[in-house]
Structure formats: C-alpha cells, structure tokens
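Each chain, letter by letter, is given below.
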Amino acid sequence: ETMLVRHGVMVVGLTLTGKTTCQNALANALSQLRRDGEESPDFEVTRQHTLNPKAITMGELYGEVNPITQEWTDGLVPTLVRLAVNDDSDNFHWITFDGPVDALWIENMNTVLDDNKMLCLANGERIKLAPTMHMVFEVNDLSVAAPATT
C-alpha cells in the first residue's frame, strides 16, 4: 500500500535481512498479476534499476560539466530517470539506491522526494518524475538522514 501513495520509500534493515528479496518479491508479484490479466492500475510490470550511491562520485551519480569542453554529461540518476520518463508503457520503474544514506548525495534528492517530484540537475535542467516512478532507498539505518528525507 505504501508504494501506491508514496513516491519515495525507505526499506530499512541490516545487511542480509531480506530487504532486496522482499522488494524483488513485490516487483515480481506486481508484474505477474499484470501478465495474468489483472486490470487494476495497482498492478503493472515493474522494472527495477539499482545503484549504489556510495560506490561512485557525485559527478557519476548526478552528472557533471567537463571542465575542458564545458559539456554536460548525465550521471546515473538522470539517465535512469529519463529512461523511466520516456517509457510510454504503464510499467512501474523503481530506482533503488542500495547503500548508506549520505548527507551529500541525499541533499540532491530533496526536490525529488517532496511534492514537486522534480530532479534538479547542476546544469539547471529539471526533470519531472513520471507517476509510475518510485525512488527506493535500501539502507541499514537512518542515522544521517534528515527529517526532510525520511
């Protein structure tokens, strides 16, 4: 039910406690119900896109300007958001941030997680999230998350 009313979801628990397994089971169930002919809009084929935000730089995560050519290069987040926004099907897209919440990278998610549902990039571009998208944060704890992100 939470996925029906929230576009940002935190899945919290220690490593190896089944967070990913539960998420995969839900995605597979939603997809199978749609494939079996269930017509409710609550059930759709679910595409999961997973990344570890701490394994890459902020530029690789959100995008950056090349200092020599002054050209913008999208990072993983805008690339995945564009993929979901440009999908003409009714498929659900879950972008999962599987790793610890960090004050630096989560700050850029504030406008995504509030009612604007807008990804704001450093180059001034703004990408509106599709209604079929969810941001999922798979974390051990919320010790460094601000109240705005929880």
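Residues numbered from 1 in each chain as written. Predicted model: local features only at pLDDT ≥ 70, side-chain atom pairs only at ≥ 80, totals over all residues. Heavy atoms only, no water.

Colleague: Explain the overall build of the protein chain to me, and be specific about the residues and the numbers.
Modeller: Summing up its helical and strand segments, the protein chain has six helices and eight strands in all. Walking the protein chain from its N terminus toward its C terminus, one meets helices and strands in the order α-β-α-β-α-β-β-α-β-α-α-β-β-β. What you see for the protein chain is a C-alpha radius of gyration of 16 Å, in line with the 15 Å of a compact globule of 150 residues. Burial statistics for the protein chain: of 150 residues in total, 38% are counted as buried. Contacts in the protein chain between residues at least 24 apart in sequence constitute 65% of all its contacts with a sequence separation of at least 6. Accessible surface, the protein chain: about 8,600 Å² in total, of which carbon and sulfur atoms supply 53%. (Helix = DSSP H or I, 4+ residues; strand = E, 2+ residues; numbered from the N terminus. Rg over C-alpha atoms; globule rule 2.2 N^0.38 Å. Buried < 20%, exposed > 50% of the residue type's maximum accessible area, 1.4 Å probe, protein only. Contact = heavy atoms within 4.5 Å. Areas by Shrake-Rupley, 256 points an atom, 1.4 Å probe, with all protein chains shown as cover.)

Colleague: If you had to explain the packing of aromatic side chains to someone new, which residues and values would you point to?
Modeller: Tallying each qualifying case throughout the model produces three aromatic pairs. On the basis of an interplanar angle of 10 degrees and a centroid distance of 5.3 Å, the ring pair of Phe97 and Trp105 is categorised as stacked. Here Trp105 and Phe137 contribute two aromatic rings whose centre-to-centre distance is 6.1 Å and whose plane-to-plane angle is 25 degrees, an arrangement assigned as stacked. One end of the pair, Trp105, is in helix 5 (residues 103–107); the other, Phe137, is in strand 8 (residues 133–139), and 32 residues separate them in sequence. The class for Phe137 is buried, based on a relative accessible area of 1%. Taken together, the aromatic side chains of Phe97, Trp105 and Phe137 make up a single cluster linked through ring pairs. (Phe/Tyr/Trp six-rings, centres within 6.5 Å; stacked < 30°, edge-to-face > 60°.)

Colleague: So, helix 2 (residues 19–35): which residues are in play, and what are the values?
Modeller: With 17 residues, helix 2 extends 24 Å from end C-alpha to end C-alpha; this agrees with the ideal 24 Å at 1.5 Å per step. Among all positions in helix 2, only Lys19, Gln23, Ala27, Leu30 and Ser31 are buried. Projected down its long axis, helix 2 carries its buried residues within an arc of 95 degrees, all on one side. Set apart from the buried face of helix 2 by more than 90 degrees, the exposed residues are Thr21, Cys22, Asn28 and Arg35. Taken together, the buried residues of helix 2 touch strand 1 (8–12), strand 2 (46–51), strand 5 (92–98) and strand 8. Backbone geometry just after helix 2 places Gly37 at a positive phi near 100 degrees. (Expected span 1.5 Å × (residues − 1). Arc of directions from axis to C-beta.)

Colleague: Give a description of helix 4 (residues 76–85) that names residues and reports values.
Modeller: Burial in helix 4 covers these residues: Val77, Pro78, Leu80, Val81 and Ala84. Angularly, the buried residues of helix 4 cover 165 degrees about the axis, an arc narrow enough to put them on a single face.

Colleague: Go over the confidence of the model for the protein chain with me, naming the residues and quoting the values.
Modeller: Per-residue confidence for the protein chain averages 93 on the pLDDT scale, and 96% of its residues sit at or above 70. Looking across the protein chain, the model is least confident in helix 1 (residues 2–5), with a mean pLDDT of 83, and most confident in strand 2, with 98. (pLDDT = per-residue confidence, 0-100.)

Colleague: Residue-level account of the pattern of salt bridges, with values.
Modeller: Any two side chains of opposite charge can pair if their charged atoms end up close together. Across all of its chains, the model carries four salt bridges by this definition. With a closest N to O distance of 2.7 Å, Asp74 and Arg82 form a salt bridge. Under the relative-accessibility criterion, Asp74 is labelled partly exposed at 26%. Arg82 gets classed as partly exposed once you look at its relative accessible area, which sits at 23%. (Salt bridge = Lys/Arg side-chain N within 4 Å of Asp/Glu carboxyl O.)

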